[in-house]
Amino acid sequence: MCALAPADVRRTRTQVRRYAPGGACRGATGNGELAEEGVVISDDDGTTPPHAPKRAHGRRRGTPREEARPPAPPEGTDPGSTAGQASSSAAPPPQRAHGRRARRAGVPDQRSEQVQPAGQEPAPARDSSLDAWLEPADLDDSLGYPVEFEGSAPEAADAVPGAAAESGSDGSDASSADAAPAQPAPTDTTSSDTAPSDPVPPTTAALERSEPDATSPAHARVRPAARAQAAPAPSSRPLPPHTALSGAIGGTTGTRTQEPGLAAPFRIEIHGLRAVAILLVAVYHVWFGRVSGGVDVFLFLSAFLLTGSFARRLESGRPLAVPRYGLKTFKRLLPPAVVTILGSLVIAYTVLPPTIWSTVGRQAWASALYVQNYVLAADSVDYYAHDAAAASPLQHFWSMSIQGQIFLVWPLLFVLGGLLLRIPALRSPRAHLSPRRVMALLFGAVLVASLAWSILSTASNQTYAYFDTTARLWEFAAGSLLGLALPWIDRLTGATTSAQRRPRGSALRAVLGWIGLAALLSCGALLDVQGMFPGWIAIWPLTAAALVILAGRSGRSWGADSFLSLRPVVFLGSIAYALYLVHWPLLIGWLELSRQERAGWADGAAVLALSLLVAWLLTRLVDTPVRRSAWLDARAPRALAAVAVSLVVVLVGSQVVFPQVTERSLTVAAPAPSPSASSPASDGEEVEPPDVPNPGAQWTVDPLTDGFGPIIPGLEEATEPSELTYDDDCTTELGLPETVTCRYTPAPEGDPDLTVAMTGDSHAGQYTGGVLKAARKHNWAVYYIGHSGCTFTTEPVETQCKDVNTSWETLLDGVDPDVVVTMGTRTSFNGGSDTEKDREGLDSGLALTTQRGIPVLLLRDNPRWPKKNEEGNRYDCAYRVLRDGGNNADADAECGDDMSNRMAAQNPAADRASDDPFAPIRVADPAGDVLCPKGRCSPVVGNVFVYRDSYHVSDAFSRTMSPWLEEQIEATVAMKDPEATGPAGAAGASDDGA
């Protein structure tokens, strides 16, 4: 017999009650939905079928409230003893037990009182200063990251927090992948008054005569499935211990009867695991600059929880509602993200150096559209080599972009699984394919393919692989497989989330949980993940997280789950999304203000504390109101409007800030030189300053005063690499791997008179602007071949240069250059006269050119400043001085240095010069001739910024070097004797002179 007490009724728009044979009450959702074994009675249904039982609670529409309200039993009377007399009693309606009227009258809220099984003492209340910070919806099973994924659609309550049957302790349903339609889960209670195993279905008359019995076992198993946002927020909400959590969330501590596919218990240790993961991410970012594995745990957990929700829908035959899910997810994700993006724009404009402004503006849109990871991959951002002070405040959005893409793709896999299940051959009993098995096959295929690709791409091009979604799909697939298999594992191992008894092997579970936590905490400390993530090494943090989930509830006070259930840990998990959003921009802003590479212990703790405060405010003021908004969830167009408004806000915000960037960049100008300024030449004649505004390397009188007007390049062009200014790509044409760069600009007039190959790393490619300017004048074709950070060598390596080093012969034979321009030395970021070295492995590369008779122009490297210190950026340093009212001389005093302090006294590559007529080698020194005039390496020469960062020449200054580069290339080609048939000293090379 099913009976419901009035105090247990929560009237929501979507809640219904299902009366099944045997008197079991099953919560369900939807309007007008017929149960398989009974009649659905909906609270918002205007009519009741004639054969339906009389309502035991509430009132029909149009029924007077006084007639619909059941009488209250006299005080001191057992409610069960008066149940049979309730229908005939004419007592006046009782005072409201909850709601606004009850609070006005001072009546305590009876819903907050936990129903304790017989013979059990109630759990003691626990106080904490964090109570006021916890929201009711923070204590539910919607624990995905970055969104706390609410698997149910607004009209469905898939996951009802509370204690549950031991078979469904993972956040998925109680049914197994192998089982037939599951039977109601057995109650997990110590009460001796259990329901009959095979009850007789009650008749309609019996239902009409019966009244709610608050003490009946059937009633003890009933839990109203109310939506989280419908629950009022009391002023004080003490978080109970793990054993009493289900009562605190709302409901009885006993086990409710679950309908397959509609119920999932609350796993508070997962909430705590999110807290540990976000704390690792923030701590490692602030103090250590290493990768902790915390982000990988977030990806793993989000797939685990998302899969549990969709698997329950698939098994129960309910619609997947993918469009509604997508709208609800991004409606929740975007508002906090947009607030963070706008704050980052403000930080960039007011605090960060000007060279980062255009980058932040571009990444703002990429972050809002969830493509930031591929923007960073295209920019070849080295996530490890770049210190925090030089990074974008939006760089951390790469992980949320990957997750947003998965939130779109993963539901489609469930749609595919649903279509496969409609195939008759797969639905037959012989196939033994349940929905979970079908999805396990799909996710298993994704895991194998993605993991193989991740290992290969990480080994060949780790910088790109780090941001590549396809290289991280296997991490999501691993979480999904665990979510599918955990019900079976829990039944096999005797797991339970019930507070009434300990699970099987409780001590072992406690130890297993601590092993998982220890492995997670030690991952970033013990492993050098540079060059390894996201390959196979990411199995470490995922396995650690899986151990914690598999351990589940241990029932031991010293278990890891008890630690993860502590109120501070749960609170940290509830703001994990917001904390991830805000900690990185705040850290970037502080490092720029404090002029340091990494935060110290004291200021780092202050940054972390401020991040916690801002994250709580963002959660409380933005995230929670949007997530709980019944108005937005009521109509799909409203959620769509919320997403659209968020994107428009990003557009408007970026336009408000960054149009002023160009205006400010044009206001920085050097003092105009005096018209009478002149300088004596070496022959005694006076030399007039050039009449061009930006002579750059072609200055004549004074490198600091020659030129007039605005200094170039402006902010929009300052960071543009010169090697990216070519017209076409030849990588595919030559059949080269994607990790090899081959770009070219053809001759302007058909067949080229000369083919120039800029070969090696970005320091060779940085002179492209000057070479292209000469090429347009002399009908040259210009190529850039190589890769950033790769020397012209064939020696085997296991870095991003692996493919380049094995492709040099293909490149040289495919391009067939008349002259090769490459670097002969490498300077140090720390400077010093003894730190400039000859390029290692260069002999093997020069051997290729010698065999083919190709002349080589070997350039000396340019000065470098520390790149892991924002003061090392010469452009930013000089711009700041000029913006504050200084001139070029002030910028030189603040940001320049003597050449003797940055480079060796003699060119280390000078001995490589060769006058072999077959394959000559010419050594040139751009630093001594052009970059550091008069022995002084200034940031501004001839009214042009020399550097675009701490160690690359700007494209604008490279173009002013065109006459010097043209002279060096022509001199190198002139050294080759067309009549020479082989290298000097080789047999048969010069038989005539023998």
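On a predicted model such as this, the values are computed, not experimentally measured, just so you know.

The rules behind these values
- Residues numbered from 1 in each chain as written.
- Predicted model: local features only at pLDDT ≥ 70, side-chain atom pairs only at ≥ 80, totals over all residues.
- Heavy atoms only, no water.
- Helix = DSSP H or I, 4+ residues; strand = E, 2+ residues; numbered from the N terminus.
- Contact = heavy atoms within 4.5 Å.
- Areas by Shrake-Rupley, 256 points an atom, 1.4 Å probe, with all protein chains shown as cover.
- Salt bridge = Lys/Arg side-chain N within 4 Å of Asp/Glu carboxyl O.
- Axes fitted to C-alpha atoms, helices over the stretch in contact; angles between N-to-C directions.
- Parallel < 35°, antiparallel > 145°, perpendicular 65-115°, else oblique.
- Nonpolar A, V, L, I, M, F, W, Y, C, P; charged D, E, K, R; others polar.
- Disulfide = S-S within 2.5 Å.
- Buried < 20%, exposed > 50% of the residue type's maximum accessible area, 1.4 Å probe, protein only.
- Core = buried A, V, L, I, M, F, W, Y, C linked by side-chain atoms within 4.5 Å.
- Pairing = 2+ DSSP bridges.
- Left-handed = near helix turned anticlockwise from the far one by under 90°.
- pLDDT = per-residue confidence, 0-100.
- Phe/Tyr/Trp six-rings, centres within 6.5 Å; stacked < 30°, edge-to-face > 60°.
- Lys NZ or Arg CZ within 6 Å of the ring centre and 35° of its normal.
- Expected span 1.5 Å × (residues − 1).
- Polar contact = N/O pair within 3.5 Å; in protein donor to acceptor, adjacent residues only side chain to side chain.
- Patch = residues over 30% accessible without salt bridge, like charges linked within 9 Å, V, L, I, M, F, W, Y side chains within 5 Å.
- Lys, Arg positive; Asp, Glu negative; His and termini not counted.
- Charge placed at Lys NZ, Arg CZ, Asp CG, Glu CD.

What follows covers the overall build of the protein. If you tally the helices and strands in the protein, you get 36 helices and 18 strands. Taking the intrachain contacts of the protein between residues at least 6 apart in sequence as the baseline, contacts between residues at least 24 apart amount to 78%. Carbon and sulfur atoms make up 57% of the accessible area of the protein, which amounts to about 40,900 Å² in all.

Attention now goes to the pattern of salt bridges. Pairs can form between side chains of opposite charge once their charged atoms are near each other. On inspection of all chains with the given rule, the structure shows 21 salt bridges. Between Arg-436 and Glu-315 there is a salt bridge, and its shortest N-O distance comes to 3.0 Å. With a gap of 121 residues between them, Arg-436 in helix α13 (residues 435-460) and Glu-315 in helix α7 (residues 294-316) connect regions that are remote in the sequence. Two residues, Asp-843 and Arg-912, come together in a salt bridge whose shortest N-O distance is 2.4 Å. Highlighted residues: Asp-843 in helix α30 (residues 842-852) and Arg-912 in the loop between α33 (899-902) and β15 (921-924), separated in sequence by 69 residues.

Two numbers describe how helix α8 (residues 322-350) lies on helix α9 (residues 357-368): the axes approach to 10 Å, and their chain directions differ by 175°. By the angle between their directions, the pair α8 and α9 is classed as roughly antiparallel. Residues Leu-334, Ile-341, Ser-344, Leu-345, Ala-348 and Tyr-349 of α8 lie in contact with α9, whose contacting residues are Trp-357, Val-360, Ala-364, Ser-367 and Ala-368. Taken together, the residues of the contact of α8 with α9 sort by class into 9 nonpolar, 2 polar and no charged.

Here we come to the state of the cysteines. Overall, the coordinates contain 4 disulfides when judged by the stated rule. With its sulfur 2.1 Å from that of its partner, Cys-790 forms a disulfide with Cys-801. Note on the Cys-790 and Cys-801 pair: the S-S dihedral is about -95°, so by sign convention the disulfide is left-handed. On the criterion of sequence distance, the pair formed by Cys-790 in the loop between β9 (780-786) and α28 (802-805) and Cys-801 in the loop between β9 and α28 is long-range, its members being 11 residues apart. Cys-801 carries the same exposure label as Cys-790, and that label is buried. The disulfide bridge from Cys-877 ends at Cys-895, spanning 2.0 Å between sulfur atoms. The chirality of the disulfide connecting Cys-877 with Cys-895 is left-handed, given an S-S dihedral of about -85°. Of this pair, Cys-877 sits in helix α31 (residues 874-883) while Cys-895 sits in helix α32 (residues 888-895); the two residues are 18 residues apart in sequence, bridging distant segments of the chain. For the pair Cys-877 and Cys-895, one class covers both residues: buried.

Time to look at the nonpolar core. The biggest cluster of nonpolar side chains holds 117 residues, and the ones touching the most others in it are Leu-273, Phe-300, Trp-410, Phe-414 and Ile-549. Residues Tyr-726, Ala-764, Val-782 and Val-941 belong to the second largest nonpolar core, which totals 38 residues.

Here we take up the sheet that holds strand β13 (residues 856-859). Strands sit in the order β6-β7-β9-β8-β10-β13-β15 across an open sheet of 7 strands; the sheet is mixed. Two strands lie at the open edges of the sheet, namely β6 (728-729) and β15, each paired on one side alone. Bridge count between β13 and β15: 4 bridges; the pairing is parallel. Counterpart to Leu-859 in the pairing with β15 is Ala-924. Helix-sheet contacts for helix α27 (residues 768-778) involve β7 (741-745), β8 (754-760) and β9, and the interaxial angle to β9 is about 155°.

Interaxial distance between helix α11 (residues 397-421) and α13 falls to 10 Å at its minimum, and their mutual angle equals 130°. Classified by the angle their axes make, α11 and α13 are oblique. Pair α11 / α13 crosses with right-handed handedness. In this structure, α11 contributes Trp-410, Leu-413, Phe-414, Leu-416, Gly-417, Leu-420 and Leu-421 to the contact, and α13 contributes Pro-435, Val-438, Met-439, Leu-442, Phe-443 and Val-446. Across the contact of α11 with α13, the residue classes break down as 12 nonpolar, 1 polar and no charged.

Here the focus is the confidence of the model for the protein. Put simply, the protein has an average pLDDT of 73, and 66% of its residues get 70 or more. Contacts from residues 75-91, a stretch scored under 50 in pLDDT, to residues over four places away or in other chains number 14 contacts.

Next up on the list: helix α19 (residues 567-574). Each full turn of the α-helix corresponds to 3.6 residues, which orients residues three or four apart in the same direction. Taken across its 8 residues, α19 has 7 buried, putting it largely inside the fold. Listed as buried for α19 are Arg-567, Val-569, Val-570, Phe-571, Leu-572, Gly-573 and Ser-574. On its buried side, α19 packs onto α6 (268-288), α18 (560-564), α20 (576-594) and α21 (601-627).

The next thing to look at is the packing of aromatic side chains. What the rule picks out here adds up to 21 aromatic pairs. Relative to Tyr-947, the ring of Trp-865 lies with its centre 5.4 Å away and its plane at 70°, an arrangement referred to as edge-to-face. A residue pair is termed long-range when its members are at least 10 positions apart, and Trp-865 in the loop between β13 and α31 and Tyr-947 in the loop between β18 (944-945) and α35 (955-960) qualify at 82 residues. We note that Trp-865, like Tyr-947, is buried. One cation-aromatic arrangement involves Arg-472 over Tyr-466; the distance from NZ or CZ to the ring centre is 4.7 Å. Stacked on the ring of Phe-829, the Lys or Arg Arg-864 has its end atom at 5.2 Å from the ring centre.

The subject of this paragraph is the pairing of β8. Counting buried residues in β8 gives 7 out of 7 residues, a clear majority hidden from the surface. Inspection of the sheet shows β8 paired to strand β10 (residues 819-823) by 3 bridges, in the parallel sense. Bridged to Ala-757 within β10 is Val-820.

This part is about α8. The terminal C-alpha atoms of α8 lie 42 Å apart, and with 29 residues this matches the ideal 42 Å at 1.5 Å per residue to within 8%. Here α8 lies mainly inside the structure; 21 of its 29 residues are buried.

Moving on, we come to the side chain of Ser-450. Tracing the backbone shows Ser-450 in helix α13. For Ser-450, a relative accessible area of 5% puts it in the buried group. A polar atom in the side chain of Ser-450 sits 2.7 Å from the backbone oxygen of Thr-470. Sequence-distant contacts of Ser-450, defined by excluding residues within four places in its chain, comprise Thr-470, Ala-471, Arg-472, Leu-473 and Trp-474.

A surface patch of negative charge is lined by Asp-727, Asp-728, Asp-729 and Glu-733. A relative accessible area of 34% places Asp-728 in the partly exposed class.

With respect to the helices and strands, the residue Asp-876 is situated in helix α31. In sequence terms Asp-876 and Tyr-947 are 71 residues apart; their C-alpha atoms lie 9.5 Å from each other. With residues up to four places along the chain from it excluded, the contact list for Asp-876 reads Pro-353, Pro-354 and Thr-355.

Mapped onto the secondary structure, Val-375 falls in helix α10 (residues 372-378). A relative accessible area of 17% means that Val-375 is categorised as buried. Along the chain, Val-375 and Phe-467 lie 92 residues apart, while their C-alpha atoms are 8.9 Å from each other. In this view, Val-375 contacts Arg-362 and Ala-366; residues no more than four positions away in its chain are not counted.

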